[in-house]
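Fold and geometry: a report
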Amino acid sequence: MTTTSPSFRYISKSRPATEHQRFVLGRGTYVADITRPGMLHVAGVASPVPAGRIRDLDLEPARRAPGVVAVVGGKELAERTNPLRQYLDVNVIWRPLAAEYVSYAGEWVAAVVAESRALAEDAAELVTFEIEPQPPVMDSESAMAPDAPLVHPEHGSNIAYQRTFTWGPVEDDFAAAARQASLRLRWGRSSTVPLETFGVLAEWDPGREILDVWASIQMPQYAEQLASALRLPLSSIRVHYDVDVGGSYGVKRGIKQSVLAGYLSLKTHRPVRLIEDRIDNMRAGDAHGPDRIFDVSVAFDDDGKVRSLKIRTVDDEGSYPGRSPLQMGKPVGAIVGPYTIGSVEYEAVAVMTNKTSQVAVRGFGQAPTNYALESAMDLVARTLDMDPVEVRRRNLIPAGAFPYKIPSGTSYDSGDYETVLDRTLELAGLSRWRERQKEVRAQGKLAGIGVATCLEPSGGNALFEALFNPKNKKTTFPEAIRITVDGHGLVTATIGFSSAGQGHETTVAVLVGEELGVAPEMVRVMRATSQDGMPTQSPVASRMTIVIGEAIKLAASKLRRKMISIAVHELGLREDEDLWLDGDGVHGPGGDVVLAWDEIVEIAHRHYHRLPKMMEPGLSSTAVAQVPTGGTLPTEDGQVHMYPCYAFSAHLAFAVVDPATGGVDLEDYATVHDCGTVINPDMVRGLVLGGIAHGIGAALYEEFRYSDDGQPLSTTFIEYLLPSMSEIPPVRMEEHCTPSPLTSHGQKGIGEGGYMAAPAAVASAVNDALYPLGVRIDSVPMRPSAIRDLIRTATSEGER
Amino acid sequence: MKPAPFTYLRPVTLSELLETVKATGDSGKVLAGGQSLMPLLNMRLARPGHLIDMNFIPGLDSIEDTGTHLRIGAMVRQRKLELDPAGRRHLPLVVEALRHVAHVQIRHRGTVGGNLAHADPASELPAAMRALDAVFVARSVAGERRIPASEFFVSVFTNSLVDGEVLTHVEVPYSPPGSGSAFEEFARRRGDFALAAAATQIEVTDGVIVDARLALAGVGSVPHRPSAAEAILTGLSVANVESKLNEVARVATDGLDPSPDLEAPTVYRLELAQELTRRAIRRALHQAQAAA
């Protein structure tokens, strides 16, 4: 590892994540592990068709079925709850159960609550209804036609959002450039599909008037949205964050399911648990990811330098847009990637169709955009017959140029992109790969080397909300920590959110340990509830290590000062002496312990007579941090300073394509990533590797498909192909460190970059393999049948 | 994904099993390893009134070596056959096919009998059994019936067992000395059902093919045994095979019209079947020559 970061005691040291032990031993506590006395179970009644008015809903036979406690239809729910939140300024009413009409196949029109899930499913079959079928809208481009049937008639159009941004002299740059090239790309509807589906348990306590909620959740303002929809005071919602979440990367936002479970508990006065099964999750879980068409034009010179870029993207949001269109907004903060492109035109179009809704997915829209950007860089290389690596090198922002402001108004904090790219080439052993490529070709197969870079924004200054909806003035994206040294001298750090495998308990323990000078093993990490006054934006946007790091630094510094003040007072020292704290106690200028940790604890907790005058007893410190560089709104012309920190990575992939089957075999993969100071190298590598695997899934395997008449075709793992260990190549990996000047310890986020870069790298490799045949594939996932179609056409060997 | 209500029955002797199957008639469904049936139950695609568990019947989980055949009990787990020394020596095609069946964990539960009786045309084991002319032994209260592989598979998920019958054994002949075999498959991921697969066993004597067996999976409603393609190979000298290979592959898929699905349009699936046929024959021949 290359490092220019300051030396740390615990940070950057290899350390197994403490929480992983309970996960691999099967001792996690997931929502399905939590049971409450008298708990009931829910099954939804799904619409068999994608569009039409609901008629003659008859719930009575189901109400009479064995074990059934309640059956609720969409109209009852609509009367008793408020619609779910829309982030765009759209006239779309979104509810957990369809009340008037259905807008995708699988949408729930009623819910059955029974003593077991099996009984609830039995009764759900007894609910009868008719739907006056309407022609469904299944394609985002035809949905924009003026005469297209409307998914939500009250909105008056299927377009939920459309805006063209122009940053810099785009037309002048296109006119001045020696060359132009264009391409159209398709990003298939894939997602994060965690092993654990969404689950929620809600328990209304009518005596205390508290709704307790345990959920598999990764979502900002979850409690607030529950309170609004259920018409309850926010103070009566208690979300328990000490629930292990079995995977998410964005998708665990089951607000529909949670409001439904909450309502059913309010209605029945019994705890109600709703655990999606796989079909619920894939067909109606609001859990699909971006589904995009890109039209990209690039203006460049003969030396490969790119002057300007035009990107138009049409995103199929599915039925209820919710937060998902904002996934076209986040890429604005890194719209030129790591390149010195001088101007950009960007048109974003969000279209509603009769599919289940999209949700946030790892990278929040930037994996598809990076695929488009990197495909454009490959196109420049092919047009000029240049090495794709060289084209990228010529356009990289130089190491001396930071902070670097891109045309859309965002400043990149730091980086050394060329060094990272060079090191990736060395790590891969590119000359060895070239030899291997010749060898494979000699065997009659195709082989390609793919390259992609990736700029990974992190920190979560989520101003795309305000950019896409000027009525939204939110600029506060906080995170809180409470650090306590208890009466026995042990350290507890309390956080206000749940985790979905990111290892926050370890990260927090390491950062608190570093700041207090105590071994991370001695720091217990606990989770507050939503009622405990810990402002949080939840672990999204690769923000947590950045923002909680700042909060920890602030809280620990207050605690350190207090403990040192106690020593100063106790020993009659001067405040300005060179004193410092670690787990042994307060050290004097000579380095010796002048007052032991346990003695300070004794004074703070039990010897008020030895405390400095007016000092609060105990040792506890809370801090709330705002995201670095946050606090400004976008300008009217669409300039915005988005996220604070920018990690960089370069990826190289080696693909072998069997021309007879179209099958792709990834033989090798190398990446070097720079996320500034690495808090825990094992966890960083885990995040990067997982991201690459996820990206390989998007590139080659995963897609939620629909028939033309609106039926979901990918509702089990037979059709939705997740890569397994057998499909993931060995990945060579290395860290580089360019610290961020903006964060507590120089760290940047790293949870998403693998997923942003791998699809582009794999597509680049497959297209390099196909290049000698003169064909190219411009859509993901790249199915063998589609690759084979291209090869057959190119070689005209179909007659064999 | 919870099954519709059913009555669970657990006979503990073969005769009790057969009586139960007879008594329940159309309403009964036999449970072996459950690797296909349980998902069908959970998705309510299968809704039997009675689930008859075969897992407690003694004597159906052994592999018997008769000297010319292996007689494999219906409840033998796929993994057991895959690792069985006699299986590896005498049924190399079957063992190779099994390695493509799902994943090791699933093969530890999945049974040979369940796999075959389920009659999935994309499944590996039915194609191997069809290529090898295995004999399927069915029992009912009326006695035993021996069904040739050519008659066992009727259509998609449909076998030729009649009411009251249970598949108890399958008898597979030894691969002859001087033969080679190969199982070639293309699936989207390791362990997936085949988009197409080719199973072949070729016997060579003095440089001439004396017996060629070929079966394809994934290309029709049942495992496909293209006798016309086998006839081209039979009698051919090994040296001349390569020049006939494209013809063999084409004839092997003559008349087939596999229905398209998400991963494989018809033309692509036929191309795959032809390519896998070529690869399987090449490899089987190579093996036969090495054995000679």
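The model shown is predicted, which means the values in this text are computed figures rather than measured ones.

1. Overview of a nonpolar patch on the surface
Together, Tyr8, Val12 and Phe56 of chain B make up a nonpolar patch on the protein surface, roughly 270 Å² of accessible area in all. Accessibility expressed as a relative area gives 38% for Tyr8 of chain B, which makes it partly exposed.

2. Side note on the pairing of strand E10 (residues 166–173) of chain B
Residue and element names in this part refer to chain B. The element E10 is extensively covered by neighbouring structure, given that seven of its eight residues are classed as buried. Examined bridge by bridge, strand E5 (residues 69–73) and E10 share five bridges and lie antiparallel to one another. By the bridge assignment for E10, Ile72 is matched with Val170. Two strands pair when backbone bridges link them, and strand E6 (residues 135–140) and E10 are joined in this way by five bridges, in the antiparallel orientation.

3. Points about the interface of chain A and chain B
Taken together, the contact pairs 30 residues of chain A with 25 residues of chain B. In total, about 2500 Å² of surface goes out of reach between chain A and chain B, with carbon and sulfur atoms giving 52% of it. Connecting chain A to chain B are eight salt bridges. Our count for the chain A to chain B interface comes out at 17 residue pairs in polar contact (both at pLDDT 80 or more). Mapped onto the side of chain A that touches chain B, the elements with two or more residues apiece are helix H4 (117–124), helix H9 (278–284), helix H18 (681–701) and helix H20 (784–795) of chain A. Of the residues contributing to the side of chain A that touches chain B, the split by class is 11 nonpolar, five polar and 14 charged.

4. Topic: the environment of Ser179 of chain B
Residues and elements named next belong to chain B. With respect to the secondary-structure elements, Ser179 resides in strand E11 (residues 179–186). For Ser179, a relative accessible area of 11% puts it in the buried group. As a C-alpha pair, Ser179 and Gly218 span 39 residues in sequence and 25 Å in three-dimensional space. In this view, Ser179 contacts Gln201, Ile202, Glu203, Ala288 and Ala291; residues no more than four positions away in its chain are not counted. Engagement of the side chain of Ser179 in a polar contact is seen with the backbone oxygen of Pro176, the distance being 2.6 Å.

5. Considerations on the nonpolar core
The biggest cluster of nonpolar side chains holds 227 residues, and the ones touching the most others in it are Tyr222, Tyr346, Tyr412, Ile481, Ile483 and Met782 of chain A. For this core, the element with the most residues is helix H16 (residues 544–571) of chain A, which contributes 14 residues. Those residues within four positions of Tyr346 of chain A in sequence are excluded, and the remaining contacts are Arg163, Thr164, Phe165, Trp167, Ile311, Thr313, Met328, Val332 and Ile335 of chain A. Formed by 38 residues, the second largest nonpolar core is a distinct cluster that contains Ala134, Phe152, Phe153 and Ala194 of chain B.

6. A look at the sheet that holds strand E1 (residues 40–46) of chain A
Residue and element names in this part refer to chain A. Reading across from one edge, E3-E5-E1-E12-E9-E10-E11 is the order of the seven strands in this open sheet, with mixed pairing throughout. Every interior strand has two partners, whereas the edge strands, strand E3 (68–73) and strand E11 (237–240), have only one. Averaged over all adjacent pairs, the angle separating strand axes in this sheet is 25°, with direction ignored. Against the sheet, H4 makes contact with E1, E3, strand E5 (108–114) and strand E12 (272–275), and its axis sits at roughly 30° relative to E1, the strand it touches most. Docked against the sheet, helix H7 (residues 222–230) engages strand E9 (199–205), strand E10 (210–215) and E11, running at close to 145° with respect to E11.

7. A look at the packing of aromatic side chains
Aromatic ring pairs are defined here through the distance separating the ring centres and the angle between the ring planes. Residue and element names in this part refer to chain A. Enumeration over the complete set of coordinates arrives at 20 aromatic pairs over all chains. Measuring from ring centre to ring centre gives 6.3 Å for Trp167 and Tyr346, while their planes differ by 20°; the resulting arrangement is stacked. You can see Trp167 sitting in strand E7 (residues 159–167) and its partner Tyr346 sitting in strand E15 (residues 343–352), a full 179 residues away along the chain. For Tyr346, a relative accessible area of 0% puts it in the buried group. An angle of 80° between the planes, with centres 6.4 Å apart, marks the rings of Trp187 and Tyr755 as edge-to-face. A residue pair is termed long-range when its members are at least 10 positions apart, and Trp187 in strand E8 (residues 179–187) and Tyr755 in helix H19 (residues 753–770) qualify at 568 residues. Judged by relative accessible area, which is 1%, Trp187 ranks as buried. With a relative accessible area of 3%, Tyr755 lands in the buried category. Each residue in the set Tyr161, Phe165, Trp167, Tyr346 and Phe468 is aromatic and connected to the rest through ring pairs, giving one cluster.

8. Focus on the pattern of salt bridges
A full pass over the atoms with the stated rule returns 84 salt bridges over all chains. A salt bridge links Arg610 of chain A to Glu570 of chain A; the shortest N-O distance between them is 2.7 Å. Taken together, the positions of Arg610 of chain A in the loop between helix H17 (597–606) and strand E25 (619–626) and Glu570 of chain A in helix H16 put the pair 40 residues apart, joining distant regions of the chain. Classification of Arg610 of chain A as buried rests on a relative accessible area of 17%. With its nearest N and O atoms 2.8 Å apart, the salt bridge here joins Asp658 of chain A to Arg279 of chain B. You can see Asp658 of chain A sitting in the loop between strand E26 (645–657) and strand E27 (664–674) and its partner Arg279 of chain B sitting in helix H12 (residues 266–291), one on each of two chains. Relative accessible area serves as the criterion here: at 11%, Asp658 of chain A is assigned to the buried category. Here the salt bridges do not stand alone but share partners, grouping Arg117, Glu121, Asp122, Glu125, Asp277 and Asp280 of chain A together with Arg44 and Arg47 of chain B into one network.

About the thresholds
- Sequence order as written defines the numbering, with residues in each chain counted from 1.
- Working convention: letters from A go to chains and numbers from 1 go to ligands, in the order in which they are written.
- Reporting of local features is limited, given that this is a predicted model, to residues whose pLDDT is at least 70; pairs of side-chain atoms are given and counted only at 80 or more, and all residues count toward the totals for whole chains, interfaces and linings.
- Side-chain measures were taken over the full set of non-hydrogen atoms in the model, leaving aside hydrogen atoms and water.
- Like charges are joined within 9 Å and nonpolar side chains (Val, Leu, Ile, Met, Phe, Trp, Tyr) within 5 Å, but only among residues with over 30% relative accessible area and no salt bridge; these make up the patches.
- The Shrake-Rupley method, run with a 1.4 Å probe sphere, supplies the accessible areas, and residue values consider only the shown protein chains as cover.
- Salt bridges, as used here, are contacts in which a Lys or Arg side-chain nitrogen is within 4 Å of a carboxyl oxygen on Asp or Glu.
- With a 1.4 Å probe rolled over the protein chains alone, any residue whose accessible area is under 20% of its type maximum counts as buried; one over 50% counts as exposed, and the rest are partly exposed.
- Only runs of H or I of at least four residues qualify as helices and only runs of E of at least two qualify as strands under DSSP, and these elements are numbered from the N terminus.
- Pairing between two strands requires that DSSP report at least two bridges joining them.
- By definition, residues are in contact when any of their heavy atoms lie within 4.5 Å.
- Once two parts are joined, some of their accessible surface, as seen by a 1.4 Å probe, is lost; buried area is that loss totalled over both.
- Nitrogen and oxygen atoms within 3.5 Å of one another constitute a polar contact, given that in protein one can donate a hydrogen and the other can accept it, and given that sequence-neighbouring residues count only through two side-chain atoms.
- Throughout, the ten residues Ala, Val, Leu, Ile, Met, Phe, Trp, Tyr, Cys and Pro are labelled nonpolar, Asp, Glu, Lys and Arg are labelled charged, and all others, Gly among them, are labelled polar.
- Side-chain atoms within 4.5 Å are what join buried Ala, Val, Leu, Ile, Met, Phe, Trp, Tyr and Cys residues into a set we call a nonpolar core.
- The angle between two axes is taken between their N-to-C directions and runs from 0 to 180 degrees, where each axis is a line fitted to C-alpha atoms and a helix contributes only its stretch in contact.
- The rule is short: rings of Phe, Tyr and Trp, with Trp giving its six-membered ring, pair when the centres are within 6.5 Å, and they are stacked under 30 degrees, edge-to-face over 60, tilted in between.

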